[in-house]
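A structural walkthrough
What follows is the residue order along each chain.
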Amino acid sequence: MRFYFDTSDSLPIRDEVGRNFALASEAVMYAKYLAADLRCLEPDVRPRLSIRVIDEDREQIHEEAVFT
């Protein structure tokens, strides 16, 4: 299945390419890794920044906060 990883903040960034995962749980785990990477790269805490996992039907299945 193809999943997309959009970032949400003041200006959302949409993932147009996506990645293939066998299970939705694998896509959620990948979103957690993306959030951890962003925490390391982002110099300022942005409370509204999150990674949204979107399935191939364009339905949101998970939202991972970057800063908790």
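Data block above holds the structure.
Note that the structure is a prediction, hence the values are computed from the model and not measured.

1. Some words on the overall build of the chain
Looking only at helices and strands, one finds one helix and four strands in the chain. Counted from the first residue to the last, the chain has its helices and strands arranged as β-β-α-β-β. Expected size for 68 residues packed as a compact globule is a radius of gyration near 11 Å; at 11 Å, the chain falls within 12% of this value. Principal-axis analysis of the C-alpha atoms gives the chain an extent of 35 × 20 × 15 Å. Going through the 68 residues of the chain one by one, you find that 35% of them count as buried. Put simply, of all contacts in the chain between residues at least 6 apart along the chain, 48% involve residues at least 24 apart. Total accessible area computed for the chain in this model is approximately 4,600 Å², and 53% of it derives from carbon and sulfur atoms. Between the centroid of the 9 positive side chains of the chain and the centroid of its 14 negative side chains there is a distance of 2 Å.

2. What about the side chain of S50?
Relative to the assigned elements, S50 resides in strand β3 (residues 50-54). On the accessibility criterion, S50 (3% relative accessible area) is buried. One polar contact links S50 to E63, side chain to side chain, over a distance of 2.7 Å. What S50 contacts, discounting residues up to four positions off in sequence, is D6, T7, S8, E63, E64, A65 and V66.

What counts and how
- Numbers given for residues are sequential positions, taken from 1 along each chain in its written order.
- For this predicted model, a pLDDT threshold of at least 70 governs which residues receive local features, and a threshold of 80 or more governs which side-chain atom pairs are given and counted, while totals over whole chains, interfaces and linings are taken from all residues.
- Heavy atoms from the whole structure form the basis of all side-chain values; hydrogens and water molecules are not counted.
- Numbering of helices and strands runs from the N terminus, with a helix taken as a DSSP run of H or I at least four residues long and a strand as a DSSP run of E at least two residues long.
- The atom set for the radius of gyration is the C-alpha atoms, and the globule formula is 2.2 Å times the number of residues raised to the power 0.38.
- Under the scheme applied here, a residue whose accessible area is under 20% of the maximum for its type counts as buried, over 50% as exposed, and between as partly exposed, the area being computed with a 1.4 Å probe on protein chains only.
- Contacts between residues were defined by any pair of non-hydrogen atoms, one from each residue, lying within 4.5 Å.
- For the area figures, the Shrake-Rupley method with a 1.4 Å probe applies, and any residue is considered shielded solely by the protein chains shown.
- We treat Lys and Arg as the positive residues and Asp and Glu as the negative residues; His and chain ends play no part in the count.
- To locate a charge, take atom NZ for lysine, CZ for arginine, CG for aspartate or CD for glutamate.
- Nitrogen and oxygen atoms within 3.5 Å of one another constitute a polar contact, given that in protein one can donate a hydrogen and the other can accept it, and given that sequence-neighbouring residues count only through two side-chain atoms.

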